[in-house]
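Residue strings, one per chain:
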Amino acid sequence: MEYSDKVAAVHRYLEAFETADIAIIRELYADDATVEDPVGTAIHTGIEAIVAFYEASLNSGAKLTLTGEPRGAGNEVAFPFQVNVPGMTIDVIDVFEFNADGKVCSMRAFWGPENVKA
(Lines give C-alpha, C1' and ligand atoms only; values in the text may rest on other atoms or scores of the structure.)
Protein backbone atom coordinates (compact mmCIF):
# COMPACT_ATOMS: atom_id res chain seq x y z
CA MET A 1 0.00 0.00 0.00
CA GLU A 2 1.34 3.39 -0.97
CA TYR A 3 2.00 6.04 1.67
CA SER A 4 -0.45 8.38 -0.10
CA ASP A 5 -3.22 5.76 0.28
CA LYS A 6 -2.50 5.46 4.00
CA VAL A 7 -2.63 9.23 4.43
CA ALA A 8 -5.88 9.36 2.44
CA ALA A 9 -7.37 6.85 4.90
CA VAL A 10 -6.28 9.04 7.82
CA HIS A 11 -7.99 12.05 6.25
CA ARG A 12 -11.18 10.03 5.60
CA TYR A 13 -11.14 9.06 9.27
CA LEU A 14 -10.90 12.73 10.28
CA GLU A 15 -13.70 13.52 7.83
CA ALA A 16 -15.93 10.91 9.50
CA PHE A 17 -15.68 12.90 12.73
CA GLU A 18 -15.99 16.27 11.02
CA THR A 19 -19.25 15.23 9.34
CA ALA A 20 -20.44 12.66 11.94
CA ASP A 21 -20.73 10.15 9.07
CA ILE A 22 -20.75 6.54 10.27
CA ALA A 23 -20.78 5.37 6.63
CA ILE A 24 -17.15 6.51 6.35
CA ILE A 25 -16.23 4.28 9.29
CA ARG A 26 -17.94 1.33 7.56
CA GLU A 27 -16.03 2.15 4.37
CA LEU A 28 -12.63 2.33 6.09
CA TYR A 29 -12.76 -0.84 8.20
CA ALA A 30 -12.63 -4.49 7.13
CA ASP A 31 -15.57 -6.65 8.18
CA ASP A 32 -13.35 -8.61 10.61
CA ALA A 33 -11.34 -5.63 11.90
CA THR A 34 -10.44 -4.93 15.52
CA VAL A 35 -10.38 -1.64 17.45
CA GLU A 36 -8.52 -1.24 20.77
CA ASP A 37 -9.18 2.27 22.10
CA PRO A 38 -7.28 2.91 24.26
CA VAL A 39 -4.72 0.12 24.21
CA GLY A 40 -5.27 -2.17 27.18
CA THR A 41 -9.07 -1.97 27.11
CA ALA A 42 -11.60 -4.39 25.64
CA ILE A 43 -11.13 -5.01 21.91
CA HIS A 44 -14.09 -4.34 19.61
CA THR A 45 -14.14 -7.11 16.97
CA GLY A 46 -16.09 -7.04 13.71
CA ILE A 47 -17.66 -4.19 11.79
CA GLU A 48 -20.92 -4.10 13.76
CA ALA A 49 -19.11 -3.82 17.12
CA ILE A 50 -16.80 -1.18 15.63
CA VAL A 51 -19.71 0.85 14.24
CA ALA A 52 -21.48 0.72 17.62
CA PHE A 53 -18.28 1.93 19.32
CA TYR A 54 -17.84 4.85 16.90
CA GLU A 55 -21.49 5.91 16.93
CA ALA A 56 -21.10 7.12 20.52
CA SER A 57 -18.02 9.17 19.62
CA LEU A 58 -19.57 10.65 16.51
CA ASN A 59 -22.77 11.52 18.39
CA SER A 60 -20.76 13.28 21.12
CA GLY A 61 -19.65 15.94 18.65
CA ALA A 62 -15.99 14.96 18.96
CA LYS A 63 -13.75 16.58 16.35
CA LEU A 64 -10.23 15.43 15.46
CA THR A 65 -7.28 17.63 14.50
CA LEU A 66 -3.95 16.26 13.25
CA THR A 67 -1.06 17.49 15.40
CA GLY A 68 1.73 16.06 13.22
CA GLU A 69 2.40 14.24 10.00
CA PRO A 70 1.31 10.60 9.61
CA ARG A 71 4.17 8.09 9.64
CA GLY A 72 3.95 5.03 7.43
CA ALA A 73 5.88 1.76 7.68
CA GLY A 74 5.05 -1.54 6.07
CA ASN A 75 1.26 -1.92 5.97
CA GLU A 76 0.69 0.50 8.86
CA VAL A 77 0.36 4.20 9.53
CA ALA A 78 0.61 6.06 12.85
CA PHE A 79 -0.74 9.55 13.30
CA PRO A 80 -0.91 12.01 16.20
CA PHE A 81 -4.06 14.02 16.71
CA GLN A 82 -6.15 15.78 19.28
CA VAL A 83 -9.74 14.89 20.13
CA ASN A 84 -11.78 17.96 20.97
CA VAL A 85 -15.08 17.67 22.80
CA PRO A 86 -16.77 20.45 24.77
CA GLY A 87 -14.68 21.07 27.89
CA MET A 88 -11.99 18.48 27.13
CA THR A 89 -9.14 17.60 24.77
CA ILE A 90 -7.28 14.31 24.47
CA ASP A 91 -3.90 13.87 22.77
CA VAL A 92 -3.88 10.53 20.93
CA ILE A 93 -1.73 8.50 18.56
CA ASP A 94 -3.64 5.98 16.44
CA VAL A 95 -2.06 3.15 14.50
CA PHE A 96 -3.94 1.69 11.54
CA GLU A 97 -2.91 -1.65 10.07
CA PHE A 98 -4.23 -2.33 6.56
CA ASN A 99 -5.12 -5.64 4.94
CA ALA A 100 -4.40 -6.62 1.33
CA ASP A 101 -7.62 -4.88 0.21
CA GLY A 102 -6.51 -1.55 1.69
CA LYS A 103 -9.05 -1.71 4.54
CA VAL A 104 -8.16 -1.03 8.17
CA CYS A 105 -7.92 -4.45 9.82
CA SER A 106 -6.60 -3.17 13.17
CA MET A 107 -6.73 0.17 14.94
CA ARG A 108 -4.92 0.75 18.22
CA ALA A 109 -5.23 4.08 20.05
CA PHE A 110 -2.47 5.16 22.41
CA TRP A 111 -3.56 7.56 25.14
CA GLY A 112 -4.10 7.57 28.87
CA PRO A 113 -5.30 9.82 31.70
CA GLU A 114 -2.17 11.97 31.43
CA ASN A 115 -3.22 12.89 27.85
CA VAL A 116 -6.63 14.27 28.88
CA LYS A 117 -6.92 17.99 29.53
CA ALA A 118 -9.97 19.74 30.96
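That block above? That's the structure.
Calculation notes
Residues numbered from 1 in each chain as written. Predicted model: local features only at pLDDT ≥ 70, side-chain atom pairs only at ≥ 80, totals over all residues. Heavy atoms only, no water. Patch = residues over 30% accessible without salt bridge, like charges linked within 9 Å, V, L, I, M, F, W, Y side chains within 5 Å. Areas by Shrake-Rupley, 256 points an atom, 1.4 Å probe, with all protein chains shown as cover. Salt bridge = Lys/Arg side-chain N within 4 Å of Asp/Glu carboxyl O. Helix = DSSP H or I, 4+ residues; strand = E, 2+ residues; numbered from the N terminus. Phe/Tyr/Trp six-rings, centres within 6.5 Å; stacked < 30°, edge-to-face > 60°. Buried < 20%, exposed > 50% of the residue type's maximum accessible area, 1.4 Å probe, protein only. Pairing = 2+ DSSP bridges. 1 Å grid on protein atoms, 1.4 Å probe; cavity = no way out; pocket = protein on both sides within 12 Å on 5 of 7 lines; lining within 4 Å. Points joined across faces, edges and corners; volume = space filled by probe spheres on them. Nonpolar A, V, L, I, M, F, W, Y, C, P; charged D, E, K, R; others polar.

### Some words on a nonpolar patch on the surface
Taken together, Val 39, Ile 93 and Phe 110 make up a surface patch of nonpolar side chains, about 220 Å² in accessible area. Inspection of the secondary structure assignment puts Val 39 in the loop between strand 1 (29-36) and strand 2 (44-45).

### Focus on the packing of aromatic side chains
Counted under the stated rule, the structure contains 11 aromatic pairs. Each ring, one from Tyr 29 and one from Tyr 54, has its centre 5.7 Å from the other, and the planes form 40°; the classification is tilted. Of this pair, Tyr 29 sits in strand 1 while Tyr 54 sits in helix 3 (residues 47-59), and the two are 25 residues apart along the sequence. Tyr 54 carries the same exposure label as Tyr 29, and that label is buried. A connected cluster of aromatic rings, assembled from ring pairs, spans Tyr 13, Phe 17, Tyr 29, Phe 53, Tyr 54, Phe 79, Phe 81, Phe 96 and Phe 98.

### Things to note about the pairing of strand 1
Note: strand 1 against strand 7 (residues 104-110), 4 bridges, orientation parallel. The residue of strand 7 that forms the bridge with Tyr 29 is Val 104. As paired elements, strand 1 and strand 2 share 2 bridges and run antiparallel to each other. Opposite Val 35, over in strand 2, you have His 44 as the bridge partner.

### Regarding the layout of surface pockets
By volume, the largest pocket amounts to about 250 Å³. Every residue lining the largest pocket is counted, 17 residues in all, and those nearest its centre are Asp 37, Ser 57, Val 83, Ile 90 and Trp 111. Where the lining of the largest pocket is concerned, the elements lending two or more residues are helix 1 (3-19), helix 3, strand 5 (76-85) and strand 6 (88-98). Per-element accounting of the lining of the largest pocket gives the leading share, 4 residues, to strand 6. Of the residues that constitute the lining of the largest pocket, the class distribution is 13 nonpolar, 2 polar and 2 charged.

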